[in-house]
Every structure is written in structure tokens, then in C-alpha cells.
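Examining the three-dimensional arrangement
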Amino acid sequence: MDEDLRNIVLGVLATGVSASLGWLGRTYQWRRGLRRKQAFFGLSGGSECLLVVNRESGGDNVVHRHDVFALLELSTLVKDCGAHARILSHDRTHQGFGDRTEFCVGGPYSNRRTAAHLATLLPGVSVNVEVEPSETRGSITVGTERHLMDKGTSEYVLLARLTAGEGHRPVFLFCGQRAITNQAATRYLARHHEALARRHRGGSFVLLLRVVNSDAYGPDVVELVADVTRAALTAPAPAPASGTAAA
């Protein structure tokens with residue numbers, strides 16, 4: 001009887017120790033993953049970040065519903081990091097970058113903040129913001145490559161993580177040809193941030209994504225077209241002079 005009781009006690013102790021070790025291991029892994037996530041997004045516990053909101057094309061301070069969905073995706077990421085977000089309109093964000101993490105949603109036509117970031121941080125990128133319908137309307141040019149939009153079938157969006165300014169907090173840019181492509185880029189970031197952190201080691205990157213058949217699949221089917229970081233960060237060569245002086 002004493003032998004049986006001892007075996008039972010030892011079995012209970014062994015089970016308790018195994019459970020405790022398992023819990024400690026899972027907690028360690030969770031905390032390690034959280035630290036990596038916080039480092040990638042520049043969001044420590046209790047910190048504040050900016051969500052810069054654009055406006056719907058042709059609207060008066062109206063945010064497109066797909067951009068609202070994009071903000072919800074980003075809010076979840078911020079909450080997971082233990083941080084909180086401050087939402088600002090694109091035309092009221094009169095401050096620099098680097099002190100706080102910033103998520104900037106929308107192309108330069110609907111978001112002045114995006115236009116400023118493109119001019120300052122991505123000199124190799126240009127976006128056609130013409131109002132009149134044309135084949136090149138909304139096209140994104142990176143370096144010498146132009147990417148045209150086939151509405152509802154093949155659309156492009158730039159997803160960028162840029163570190164600049166004194167504080168070196170990242171700016172995340174979601175610059176798409178349509179609002180649904182902005183949402184697609186935020187969803188891509190949410191799904192792949194761990195792989196992106198490993199690949200780019202916390203540095204700047206610019207990815208060109210293609211949203212496939214959004215009329216049928218919405219923002220869910222996204223392809224990585226290319227890593228265009230070098231071309232996007234490189235200013236184009238100055239145009240040659242129109243004439244030269246006579247010898």
C-alpha cells in the first residue's frame with residue numbers, strides 16, 4: 001500500500017513538473033515572439049503610434065470603407081503589441097517622423113501625408129494622380145518600371161517600412177491604386193510580418209504587391225511582385241540639358 005501511494009505521489013509530481021515546464025516554455029516563446037513583433041513595428045508596451053487617415057476620392061472628410069477595414073487591421077496589430085493608436089487626418093498631421101511609429105494609409109491623391117513621404121523618403125517612386133480618365137491614371141512608377149492598373153483584375157500597391165528621423169521609429173506606408181489595395185497591403189503585413197522581420201532585419205524595405213481579381217476575391221489574393229527597395233530609395237538621374245553651349 002505504501003509503495004502504491006508513493007508511486008501515485010511521484011506520478012502527480014512528475015505530471016506537475018512537466019506541466020510547469022511546458023507552461024514556462026510556451027510563455028518564453030510567447031514573450032520572445034512579442035518582443036520581436038514590438039521591435040519590428042517599433043511599438044513597446046504602452047507606447048503611442050499614429051494612424052494617418054486619408055479621404056475618399058471626391059468625398060469631404062469621408063474615409064472609404066476599405067480604408068476603414070485597413071485601419072481595423074492595423075489597430076489589431078497595435079493592440080497585440082500592447083500599444084495604443086492616435087488617429088489623425090492626413091491634412092492635420094503637421095509633425096515630423098521618427099519619434100513615433102506611423103501607419104499611413106492611401107495614395108498621394110487622397111493622402112497629403114503619403115505625398116510628402118514619397119517626395120522625401122522615396123524619391124524613386126512616382127504615382128500618377130491625374131483626375132481625367134486615361135490609361136496611365138493611378139499608375140505607379142518605381143525607377144523606370146511603370147505599373148498600370150486594370151481595375152478589379154490586376155491592381156498594385158506599395159508596402160513600405162521606412163526608418164528615418166532622429167527616433168528611428170518606422171513609417172509604414174500603404175500606397176495603393178485603389179482603397180481595396182490598401183486593405184490588401186495591411187492584411188499582407190499582418191500575415192507576413194514575422195517573415196519580413198527576419199528577411200529585412202528591422203531595416204527599411206519597399207515591396208510591390210499585386211492584388212489579383214479584387215472584384216471576385218476582395219483583398220485576400222495578393223502576390224509579391226518584387227522587392228523594389230533599391231529603386232524606390234534612389235533618386236532618378238537628372239535629365240540632360242536641352243542644349244549645350246557652342247564651342
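A few points on the structure. Note that this is a predicted model, so its numbers are computed, not measured.

A look at helix H4 (residues 179-200)
Over its 22 residues, H4 extends only 27 Å from the first C-alpha to the last, a length that falls short of the 32 Å expected when each residue adds 1.5 Å. Along its length, H4 reaches its greatest deviation from straightness, about 70°, at His-192. In the segment just after H4, Arg-201 is the residue with positive phi, at about 50°.

Let's talk about the sheet that holds strand S1 (residues 48-53)
The seven strands lie next to each other as S2-S1-S3-S8-S7-S9-S10, forming an open sheet whose pairing is mixed. Of all the strands in the sheet, just strand S2 (84-89) and strand S10 (222-227) have a single pairing partner and so form its edges. Taking the axes of each pair of neighbouring strands and ignoring which way they run, one obtains an average angle of 20° across the sheet. Relative to strand S3 (residues 102-105), helix H2 (residues 65-80) is tilted by about 165°, and along the sheet it contacts S1, S2, S3 and strand S8 (170-176). In the packing of helix H3 (residues 112-121) onto the sheet, contacts are made with S1, S3, strand S7 (154-163) and S8, and the angle to S8 comes to roughly 110°.

Remarks on the packing of aromatic side chains
Inspection of every chain in the model, using the stated rule, returns six aromatic pairs. The ring of Phe-40 is capped by Arg-161, whose NZ or CZ atom sits 5.1 Å from the centre of that ring.

Regarding the pattern of salt bridges
Enumeration according to the criterion identifies eight salt bridges in this entry. For Arg-187, the salt bridge is made with Glu-73, and the minimal N-O distance between the two is 2.8 Å. Of the two residues, Arg-187 is situated in helix H4 and Glu-73 in helix H2; the sequence distance between them amounts to 114 residues. Looking at Arg-187, the relative accessible area reads 18%, which means it is buried. A salt bridge links Asp-220 to Arg-191; the nearest nitrogen and oxygen atoms lie 3.7 Å apart. Here Asp-220, found in the loop between helix H5 (214-217) and S10, pairs with Arg-191, found in helix H4; they are 29 residues apart in sequence, far enough to count as distant. By relative accessible area, Asp-220 is classed as partly exposed at 38%. Note on Arg-191: relative accessible area 54%, which makes it exposed. Taken together, the shared-partner salt bridges connect Glu-73, Arg-187, Arg-191 and Asp-220 into one network.

Definitions and limits used
- Here the residue index of a chain counts from 1 through its sequence in written order.
- Thresholds applied to this predicted model are a pLDDT of at least 70 for local features of residues and 80 or more for the giving and counting of side-chain atom pairs; totals over whole chains, interfaces and linings are not thresholded and use all residues.
- In computing side-chain properties, one takes all heavy atoms of the structure into account and sets aside hydrogens as well as water.
- Secondary structure elements follow DSSP: runs of H or I of four or more residues count as helices, runs of E of two or more count as strands, with numbering from the N terminus.
- Every helix has an expected span of 1.5 Å times one less than the residues it contains.
- Two axes enter the bend calculation: one fitted to the seven residues ending at the residue in question, the other to the seven starting there, and the bend is the angle between them.
- A pair of strands is labelled paired if DSSP reports no fewer than 2 bridges between them.
- Where helices are involved, their axes are fitted lines through C-alpha atoms of the stretch in contact, as for all axes, and angles between N-to-C directions lie from 0 to 180°.
- Contact definition: two residues touch when any of their heavy atoms are within 4.5 Å.
- Only Phe, Tyr and Trp rings take part, Trp by its six-membered ring, and two of them pair if their centres are within 6.5 Å. Stacked means planes under 30 degrees apart, edge-to-face means over 60, and tilted covers everything else.
- Sitting over a ring, as applied to charges here, requires NZ of Lys or CZ of Arg to be within 6 Å of the ring centre and within 35 degrees of the ring normal.
- Counted as salt bridges are all cases of a side-chain nitrogen of Lys or Arg within 4 Å of a carboxyl oxygen of Asp or Glu.
- Remark: exposure states derive from per-residue accessible area (1.4 Å probe, protein chains only) relative to the maximum for the residue type, with buried under 20%, exposed over 50%, and partly exposed in between.

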